[in-house]
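# Breakdown of the fold
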Amino acid sequence: MVFVDGVRTPFGKAGDDGLYAQTRADDLVVACVRELLARQPQLPPERIDDVAIAATTQTGDQGLTLGRTAGILAGLPKSVPGYAIDRMCAGAMTAVATTAAAIGFGQTDIAVAGGVEHMGHHPIGAGMDPNPRFLADRLVDPSALVMGKTAENLHDRYPQITKDRCDAYAVASQAKYAAAVDRGDIQSDLVPVAVRSVERGWGVASADEPPRPGTTLADLATLRTPFRAHGHVTAGNSAGLNDGATACLIAGEDTAAELGLPVAMRMVGFAFAGVEPEVMGVGPVPSTHKALNRAGLTLDDIGLIEINEAFAVQVLAFCEEFGLADDDPRMNPWGGAIAMGHPLASSGVRLMTQLARHFRARPDVRYGITTMCIGLGMGGTVIWENPAFEGER
């Protein structure tokens, strides 16, 4: 299976003043699907076999079988089916893994996969009704249902990961992202979206809203720790509450060759793994071990790592477990979600799209991974191969 191309909307801040306060979630996905088709005019739309779109809160403008409705709204032929996926933050990653499995089994040739989260319209946990047995039968710790509290629990597990280390990591993420924007690295991935607000009228969203360029350690030192008194987790060393969508085209390599579609990456393998829900941020560790073991690789074989930055402590726990420096140059070269945002179910394809761009510029790198933690105690990892690799195989 090959990754042909990926795009995303600019990410916005959730809330009444955010970029997408007056924009529907499904319209964000539609913009991405249309852009993919515009970028690949040689692809007959009727050749698309499926559309898999993820959302964590599947209600309202994120409901009604998103993959099917997004396909119809984007102008795909009615013969193209679609479906919705929920694996919380790894929704889009799971959409890619699921459609890739269908390609590998020979039942699908080309698919669209992606995700959306409008956290302004659907705050995390909105409408949630957890089974009372989770707590009554002590199946999970009560903190497992609040992501910020799970990050504080991770600090307890790794006391060597201090708040100062997390703040320093966050400052670096902001700086790397700002530098990437200055170089023009980010802009080619973004799909401009027409937006409207009551106060400002019509406009165009063409840049990410969450970044805070110029953030300093002194700035972060003043922020409160809302999940625990005298804790470690702040708004500055975590991803924010965001709105946005992603989509990508994946295909069988023979089909890509037949239609003249570019091959940005080849999938080597993927894995998902579970951990204790109260420390969900450690999830990328076992999922990465599992994926590497299945592929017969080690982390030494991996030249680029795109890891989602839900919380700085979660990334640093990954570093601790794999013996990486906090500033390992392989990891998130353009910064991450702490800077650009994390619209939950959409982020997996954002990671993949950026890795594909890195591969194009780095023919010296053969393998890369995309990995992320997942609510309720899971991790997901996908291993990719660079088709432009010029070294020995």
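What counts as what
Residues numbered from 1 in each chain as written. Predicted model: local features only at pLDDT ≥ 70, side-chain atom pairs only at ≥ 80, totals over all residues. Heavy atoms only, no water. Phe/Tyr/Trp six-rings, centres within 6.5 Å; stacked < 30°, edge-to-face > 60°. Helix = DSSP H or I, 4+ residues; strand = E, 2+ residues; numbered from the N terminus. Buried < 20%, exposed > 50% of the residue type's maximum accessible area, 1.4 Å probe, protein only. Lys NZ or Arg CZ within 6 Å of the ring centre and 35° of its normal. Patch = residues over 30% accessible without salt bridge, like charges linked within 9 Å, V, L, I, M, F, W, Y side chains within 5 Å. Areas by Shrake-Rupley, 256 points an atom, 1.4 Å probe, with all protein chains shown as cover. Salt bridge = Lys/Arg side-chain N within 4 Å of Asp/Glu carboxyl O. Disulfide = S-S within 2.5 Å. Axes fitted to C-alpha atoms, helices over the stretch in contact; angles between N-to-C directions. Left-handed = near helix turned anticlockwise from the far one by under 90°. Contact = heavy atoms within 4.5 Å. Nonpolar A, V, L, I, M, F, W, Y, C, P; charged D, E, K, R; others polar. Polar contact = N/O pair within 3.5 Å; in protein donor to acceptor, adjacent residues only side chain to side chain. UniProt positions renumbered as here; feature names shortened; annotations may be inferred. Pairing = 2+ DSSP bridges. Parallel < 35°, antiparallel > 145°, perpendicular 65-115°, else oblique.

## Some details on the packing of aromatic side chains
By the definition in use, this model includes three aromatic pairs. Ring geometry for Phe318 against Phe322: centres 4.7 Å apart, planes inclined by 45 degrees, an arrangement best described as tilted. Highlighted residues: Phe318 and Phe322, both in helix H10 (residues 312–322), separated by four residues, approximately one helical turn. The same class applies to Phe318 and to Phe322, which are both buried. Stacked on the ring of Phe272, the Lys or Arg Arg87 has its end atom at 3.8 Å from the ring centre.

## Notes on a nonpolar patch on the surface
A surface patch of nonpolar side chains, about 260 Å² in accessible area, is lined by Phe134, Leu135 and Leu139. Leu135 gets classed as partly exposed once you look at its relative accessible area, which sits at 41%.

## A word on the state of the cysteines
Counted according to the given criterion, the structure contains zero disulfides. Looking at the unpaired Cys166, the closest cysteine sulfur is the one in Cys319, lying at 11 Å. You can call Cys166 buried: its relative accessible area is 1%.

## Considerations on the pattern of salt bridges
Inspection of the entire model under this criterion finds 18 salt bridges. Here Arg357 and Asp5 are joined by a salt bridge, their closest N and O atoms 3.4 Å apart. Residue Arg357 is found in helix H12 (residues 347–361), and its partner Asp5 is found in strand S1 (residues 2–8); the two are separated by 352 residues along the sequence. Classification of Asp5 by relative accessible area gives buried; the value is 8%. Among the salt bridges present, the one from Arg366 reaches Glu385, with a minimum N-O distance of 2.9 Å.

## Some points on the packing of helix H5 (residues 147–157) against H10
At a minimum axis distance of 9 Å, the contact between H5 and H10 shows a crossing angle of 35 degrees. As H5 packs across H10, the resulting crossing turns out to be left-handed. Residues Ala151, Leu154 and His155 of H5 form the contact with H10, whose own contacting residues are Val313, Gln314 and Ala317. Its residues placed into classes, the contact of H5 with H10 shows four nonpolar, two polar and no charged.

## What to know about the side chain of Asn332
If you trace the backbone, Asn332 turns up in the loop between H10 and helix H11 (337–340). On the accessibility criterion, Asn332 (0% relative accessible area) is buried. Within polar-contact distance, the side chain of Asn332 engages the backbone nitrogen of Ile307 at 2.9 Å. The residues touching Asn332, leaving out its near neighbours within four places in the chain, are Tyr169, Lys176, Ile305, Glu306, Ile307 and Glu309.

## With respect to H10
Taken across its eleven residues, H10 has nine buried, putting it largely inside the fold. Taken together, the buried positions of H10 are occupied by Ala312, Val313, Gln314, Val315, Leu316, Ala317, Phe318, Cys319 and Phe322. Positive backbone phi, at 70 degrees, marks Gly323, one or two positions downstream of H10.

## Here's the deal with the UniProt feature "domain: Thiolase C-terminal" (unreviewed entry) in the chain
Following the UniProt record, one finds the feature "domain: Thiolase C-terminal" (unreviewed entry) at residues 264–385. Helix makes up 34% of residues 264–385 and strand 26%, with an end-to-end C-alpha separation of 9 Å.

## Concerning the pairing of strand S10 (residues 302–307)
Sheet faces and side chains relate simply in a regular strand, where the side chains alternate between the two faces. Counting buried residues in S10 gives six out of six residues, a clear majority hidden from the surface. In the sheet, S10 pairs with strand S11 (residues 367–374) via five bridges, with the strands oriented parallel. Bridge assignment links Ile307 to a residue of S11, and that residue is Thr371.

## Considerations on the packing of helix H6 (residues 163–183) against H10
Where H6 contacts H10, the axes come no closer than 9 Å and their chain directions differ by 100 degrees. On the basis of the axis angle, H6 is roughly perpendicular to H10. Every residue of H10 that contacts H6 at Arg165, Cys166 and Tyr169 is listed here: Ala312, Val313, Val315, Leu316 and Glu320. Residues belonging to the contact of H6 with H10 are distributed by class as follows: six nonpolar, no polar and two charged.

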